[in-house]
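# Coordinate inspection notes
Chain by chain, the residues run as shown.
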Amino acid sequence: MAVAGLSGDHAPAPGRGRSETIEEKADRQWGELIQELRVALTGVQILFGFLLTVVFTPRFTELSDANRTIYIVTVLLGSAATGALIGPVAIHRQVSGRRIKPQAVIWASRLTFVGLVLLLCTLTSALFLILRVAMNDPFAPVLVAAVLAWYLLCWFVLPVWARRHHGDEVPADDHDDGPSR
């Protein structure tokens, strides 16, 4: 039975979810990805901007060699995270109008995931440096490990759990890890 206003190739199979072409799905997924990037980029840009100013503070010269190394690693991670999270915008700009949006969504989604992993590393490294300097206590790594566990739970464990336990409620071809081929 045809659905009013939809052609046969748009109508979803019974219980299969949205009625959209591959191009429509790519458009929707691109829009969702851009919204996610807006949230992540705000955080990474604020953190990276703050990290860049630290080197110009008077106390920076008082940091131990170990703390300076942690700082440099943190800045490099923040820079890499920024690049990875801005990357999808560059991909979109370079391939816009070339009719490869479904593939661009896949590339941009993967780059975003890499950016989130790098952001996780940046946040963990920055927290480690701050707590080492502020506490000067061997308990600092324990606190960092607890916060890292929280990040991992929120960013990775919970989404994987949700997909495994509720994935049967979403059609297999509608997961937002890129358009189906």
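Use the structure listed above.
Residues numbered from 1 in each chain as written. Predicted model: local features only at pLDDT ≥ 70, side-chain atom pairs only at ≥ 80, totals over all residues. Heavy atoms only, no water.

## Considering the overall build of the protein chain
Counting its secondary structure elements, the protein chain contains four helices and zero strands. Listing each helix as α and each strand as β along the protein chain from the N terminus yields α-α-α-α. The contacts in the protein chain between residues at least 6 apart in sequence include a share of 71% that link residues at least 24 apart. Within the structure as shown, the protein chain displays about 11600 Å² of accessible surface, and the carbon and sulfur contribution to it stands at 65%. (Helix = DSSP H or I, 4+ residues; strand = E, 2+ residues; numbered from the N terminus. Contact = heavy atoms within 4.5 Å. Areas by Shrake-Rupley, 256 points an atom, 1.4 Å probe, with all protein chains shown as cover.)

## So, helix α4 (residues 140-166)
Between its first and last C-alpha, α4 extends 37 Å over 27 residues, near the 39 Å set by a 1.5 Å rise per residue. Along its length, α4 shows its largest kink, about 45°, at Leu153. Of the residues making up α4, those classed as buried are Ala140, Val144 and Tyr151. (Expected span 1.5 Å × (residues − 1). Bend = angle between axes of the 7 residues up to and from the residue. Buried < 20%, exposed > 50% of the residue type's maximum accessible area, 1.4 Å probe, protein only.)

## Let's talk about the pattern of salt bridges
Summed over all chains, the structure comprises four salt bridges. Of the charged contacts in the structure, one is a salt bridge between Arg28 and Glu20, with a shortest N-O distance of 2.8 Å. We classify Arg28 as buried; its relative accessible area is 15%. Classification of Glu20 by relative accessible area gives partly exposed; the value is 21%. Residue Arg59 pairs with Glu62 through a salt bridge whose shortest N-O separation is 3.8 Å. A residue is classified by how much of its surface remains accessible, and Arg59, at 54% relative accessible area, is exposed. The network of salt bridges with shared partners includes Glu20, Arg28 and Glu32. (Salt bridge = Lys/Arg side-chain N within 4 Å of Asp/Glu carboxyl O.)

## Here's the deal with a nonpolar patch on the surface
A cluster of nonpolar side chains, Phe139, Val142 and Leu143, forms an exposed patch at the surface whose accessible area comes to about 250 Å². Tracing the sequence through the fold places Leu143 in helix α4. (Patch = residues over 30% accessible without salt bridge, like charges linked within 9 Å, V, L, I, M, F, W, Y side chains within 5 Å.)

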